[in-house]
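Structural characterization, general
Listed below are the residues making up each chain.
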Amino acid sequence: MYILKILLATYWSIPHLGGVWSYMRQLRNKLEMLGHEVDVLGYDEDNLNVHMVNQNKKIDREKLLPLLQAKMNKESYPEIYEHKLIEYTEFQRYVFELGAAYFGLDKYDLIHTQDVISTACINRVRPRNVTLVATIHGSIAREIQHQLDTIHKSENSYMAKAYFEELERNGATASEITIVANNWLKEILINDFNVPNDQLKILHYGFDTESFIKNMMTNSLILTSNDKKVIIYTGRLTELKGVRYLLEALGKLKKVRQDWVCWIVGSGDEEEKLRIISKDLGLEDYVHFLGKRDDVPSLLGKSDIFVLPTLLENQPLSLIEAQLAGKACIVSNVGGLPEMVEHKVTGILTPPADSDLLYRNLLILLNNEYLRRSLGSNARKWGMTHWSIDQGIKNLWEVYEEAILMRKNGE
């Protein structure tokens, strides 16, 4: 293995609570342990400045915007301004592109992007000798479409849908090789966005299981009661995560069993709404919103049942962690989750947006301790093997070498 100068880049804000940042952080650590030089690029936590994280260097968005707005004005580019989401994304991605170019990309042997937008941006400004590999952690076009069909409906939603569909296709085809986590996302990119089959490789991320187990053993200030089972959700509190259906299921559960509590771990723009729903259902003594926390492994260690009631998902870090913690998992039967959970073997698959069936599955696990422990044990055995980061890095290095050769040969 020869030494590379590598840039890990994402359009999203970092550091942040979520799987993309966790993956980038663990990947950087492993690559550096192997002797490679690694930089990390993204927007900062406020989503305002382009940030070279490990060097703590920033490009001020507000200094670049006037230049862009003068060039891309309403008179010359009226279509950009016909939908607010398109307008925001266009300027945000060009700021990212200019920031990346300013930091300089010619010093890198390889750039590994983590989403379609950063991939499209980097491809436009990378030098000819620099290899580009992309990992796509989900379908941004699908997520945007869901939002435009539900919480952000408007007369010109079709424009934003078309815009993000084109952006997804461009980003998924801009690199030498595009990595996806599962067959679900691969089929979406091929069938919905016309991405060539030979562009795509399925590669599981890998996860630092050893560090996670150590962190799980550390103490947390959150205490449990011996006579109550702990149900836990970890992740962002957004409409797409479906937490409202978990609360509705818990409202039904409270009527038949009261020997449980539920921890909602995370933050997001739906938090206040979810607190109101919880109060309306009379769950104040049962559901505890713990906010954004650094001790998730420890909290999982103290829990009994993990629930992910999401409406759309690719390969969530929260489920990976719950499996490694040996927890019985109830997850929605959507996206890439059926490729992570074998129904009634390593967890339970439940229909999305169905609080009644979610309630029934929770009740089954609370009533059947043997099943609960068996599912958790099976999940841990599968997870410890499947999510090996050493194997993940080995597979990724093979992709890197193939992509470098492709770029060298001009393919």
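Everything below is about the structure shown above.
Worth saying up front: this structure is predicted, and the values here are computed from it rather than measured. The numbers attached to residues start from 1 for each chain and follow its sequence in the written order. The model is predicted, so local features are restricted to residues of pLDDT at least 70 and side-chain atom pairs to those at 80 or more, both for listing and for counting; the totals for chains, interfaces and linings are taken over all residues. Side-chain measures here rest on the full set of heavy atoms in the structure, leaving out hydrogens and waters.

**Structural notes on the packing of helix α2 (residues 61-71) against helix α3 (residues 84-103)**
Axis definition: a line fitted to C-alpha atoms, over the contacting stretch in the case of helices. Angles run 0 to 180 degrees between N-to-C directions. Only DSSP runs of H or I with at least four residues qualify as helices, and only runs of E with at least two residues qualify as strands; both kinds are numbered from the N terminus onward. Contact pair α2 / α3: the axes reach a minimum separation of 10 Å and the direction vectors enclose 115 degrees. Comparing their axes, α3 and α2 come out roughly perpendicular. You can see that α2 and α3 cross each other, and the crossing is right-handed. From α2, R61, L64, L65, L68 and Q69 reach across to α3, where they touch Y88, F91, Q92, Y94, V95, L98 and G99. Of the residues assigned to the contact of α2 with α3, the class counts are eight nonpolar, three polar and one charged. Note that the term roughly parallel is reserved for angles under 35 degrees, roughly antiparallel for angles over 145, roughly perpendicular for angles of 65 to 115, and oblique for everything else. For a crossing to be left-handed, the near helix must be turned anticlockwise from the far one by less than a right angle; the clockwise case is right-handed. The contact definition used throughout considers only heavy atoms, calling two residues in contact when any of these lie within 4.5 Å. When residue character is reported, Ala, Val, Leu, Ile, Met, Phe, Trp, Tyr, Cys and Pro are called nonpolar, Asp, Glu, Lys and Arg charged, and the others, Gly included, polar.

**A look at the packing of aromatic side chains**
Centres within 6.5 Å are what make two rings of Phe, Tyr or Trp a pair, Trp counting through its six-membered ring; a difference in plane orientation under 30 degrees is then read as stacked, over 60 as edge-to-face, and the rest as tilted. One pass over the full model with this rule turns up 12 aromatic pairs. The interplanar angle of 90 degrees and the centroid separation of 5.8 Å between the aromatic rings of Y11 and Y43 together place this pair among those described as edge-to-face. Of this pair, Y11 sits in strand β1 (residues 5-13) while Y43 sits in strand β2 (residues 37-43), and the two are 32 residues apart along the sequence. When the ring of F207 is compared with that of F212, the centres are 6.0 Å apart and the planes differ by 65 degrees; the resulting orientation is edge-to-face. As far as burial versus exposure is concerned, F207 and F212 are alike and both buried. Residue burial is assigned from relative accessible area. The probe radius is 1.4 Å, only protein chains are included, and a residue is buried under 20% of its type maximum, exposed over 50%, and partly exposed in between.

**With respect to the nonpolar core**
Put simply, a nonpolar core is a bunch of buried Ala, Val, Leu, Ile, Met, Phe, Trp, Tyr and Cys residues held in one set by side-chain atoms that sit within 4.5 Å of each other. Counting residues in hydrophobic clusters, the biggest one holds 59 residues, and the most contacted among them are L250 and L362. Among residues more than four places away in sequence, those in contact with L250 are I231, W260, C262, L283, V287 and L362. Counting 54 residues, the second-largest nonpolar core is a separate cluster that includes L7, Y43, L64 and V195.

**Re the pairing of strand β13 (residues 328-332)**
Burial analysis of β13 places five of its five residues in the buried class, the great majority of the element. Side-chain alternation along β13 places A328, I330 and S332 on one buried face and C329 and V331 on a second face that is also buried. By this definition, two strands are paired if DSSP reports at least two bridges between them. Note that strand β12 (residues 305-308) and β13 share four bridges and pair parallel. Note that in β13 the partner of L308 across the bridge is V331. In this sheet, strand β14 (residues 348-350) lies alongside β13 in parallel orientation, the contact comprising three bridges. Bridge assignment links V331 to a residue of β14, and that residue is L349.

**Quick word on the side chain of S175**
With respect to the secondary-structure elements, S175 resides in the loop between α6 (157-173) and β7 (177-180). Looking at S175, the relative accessible area reads 5%, which means it is buried. A distance of 2.9 Å separates the side chain of S175 from the backbone oxygen of I177, its partner in a polar contact. Among all residues touching S175, those that are not within four sequence positions of it are T119, L132, V133, A134 and Q199. Residues adjacent in sequence count toward polar contacts only when both atoms are side-chain atoms; beyond that, a polar contact is any pair of N or O atoms within 3.5 Å, and within protein one must be able to donate a hydrogen and the other to accept it.

**Considering the environment of E155**
For E155, the location among the structural elements is in the loop between α5 (140-149) and α6. The exposure class of E155 is exposed, given its relative accessible area of 82%. Taking the C-alpha atoms as reference, E155 lies 9.8 Å from H83; in sequence the two are 72 residues apart.

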